[in-house]
Amino acid sequence: MTLTWKFLLQFDFSKPLPNQRSSETIQKYNNFKKLNKDICSYIKNKYLNNCDYCIIKNDFPYDTEKDVKHYILWIKDSFLENINKRDIEDLIQKKMLELEYSNYIYFENHISVQTVPDIKHFQIFYKK
């Protein structure tokens, strides 16, 4: 299922998203997991080693419309203790402006579909 902007705007994120990734992306992710058994350590070392948070393009993006780009916000636990929802939105908006997008949607995945539950992270979708 291709996720459209309209669908994302109306979706109730208290439920898991249906069929988020293409079969090709799922295979790529499964191969990545085989090579990186401890994904939490990998993420902490690669993205949170010297910073409190990181917003990056998702290496394993959800299947979206072409003009919708999928990013992810990783947050270090110690930083999370000092921020609130508005701070998170400010981080996302700052990145949106830097990337020259005009809209965003963000959410935390439903617990049943979180593949990295030990690191706080949010799915972000930007649109021009």
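Details of the structure are given in the entry above.
A quick note: this is a predicted structure, and the numbers were derived from the prediction, not measured.

Caption draft 1: Fine view of empty space enclosed by the protein. Following the criterion strictly, the structure yields one cavity of 30 Å³ or more and no others. Its volume calculated, the largest cavity comes out at about 270 Å³. Along the wall of the largest cavity there are 22 residues; nearest its centre are Tyr29, Asn58, Phe60, Ile72 and Trp74. Residue assignment for the lining of the largest cavity shows that the elements contributing at least two residues are helix 2 (23-35), helix 3 (39-47), strand 1 (53-57), strand 2 (68-75) and strand 4 (120-127). Of all the elements, helix 3 adds the most residues to the lining of the largest cavity, at four residues. Its residues assigned to classes, the lining of the largest cavity comprises 13 nonpolar, six polar and three charged.

Caption draft 2: Spotlight on helix 2. The terminal C-alpha atoms of helix 2 lie 19 Å apart, and with 13 residues this matches the ideal 18 Å at 1.5 Å per residue to within 8%. Looking at the buried residues of helix 2, the elements they touch are helix 3.

Caption draft 3: View of the nonpolar core. The biggest cluster of nonpolar side chains holds 15 residues, and the ones touching the most others in it are Ile55, Leu73, Ile75, Ile88, Ile92, Ile124 and Tyr126. Listed by contribution, the elements that provide at least two residues to this core are strand 2, helix 5 (85-99) and strand 4. The greatest single-element share of this core, amounting to four residues, is contributed by helix 5. The contact partners of isoleucine 75, leaving out residues within four places of it in the chain, are Leu48, Asp52, Tyr53, Leu80, Ile83, Ile88, Ile119, Lys120 and Phe122. By size, the runner-up hydrophobic cluster in this structure holds 14 residues, among which are Tyr29, Phe32, Tyr47 and Trp74.

Calculation notes
Residues numbered from 1 in each chain as written. Predicted model: local features only at pLDDT ≥ 70, side-chain atom pairs only at ≥ 80, totals over all residues. Heavy atoms only, no water. 1 Å grid on protein atoms, 1.4 Å probe; cavity = no way out; pocket = protein on both sides within 12 Å on 5 of 7 lines; lining within 4 Å. Points joined across faces, edges and corners; volume = space filled by probe spheres on them. Helix = DSSP H or I, 4+ residues; strand = E, 2+ residues; numbered from the N terminus. Nonpolar A, V, L, I, M, F, W, Y, C, P; charged D, E, K, R; others polar. Expected span 1.5 Å × (residues − 1). Contact = heavy atoms within 4.5 Å. Core = buried A, V, L, I, M, F, W, Y, C linked by side-chain atoms within 4.5 Å. Buried < 20%, exposed > 50% of the residue type's maximum accessible area, 1.4 Å probe, protein only.

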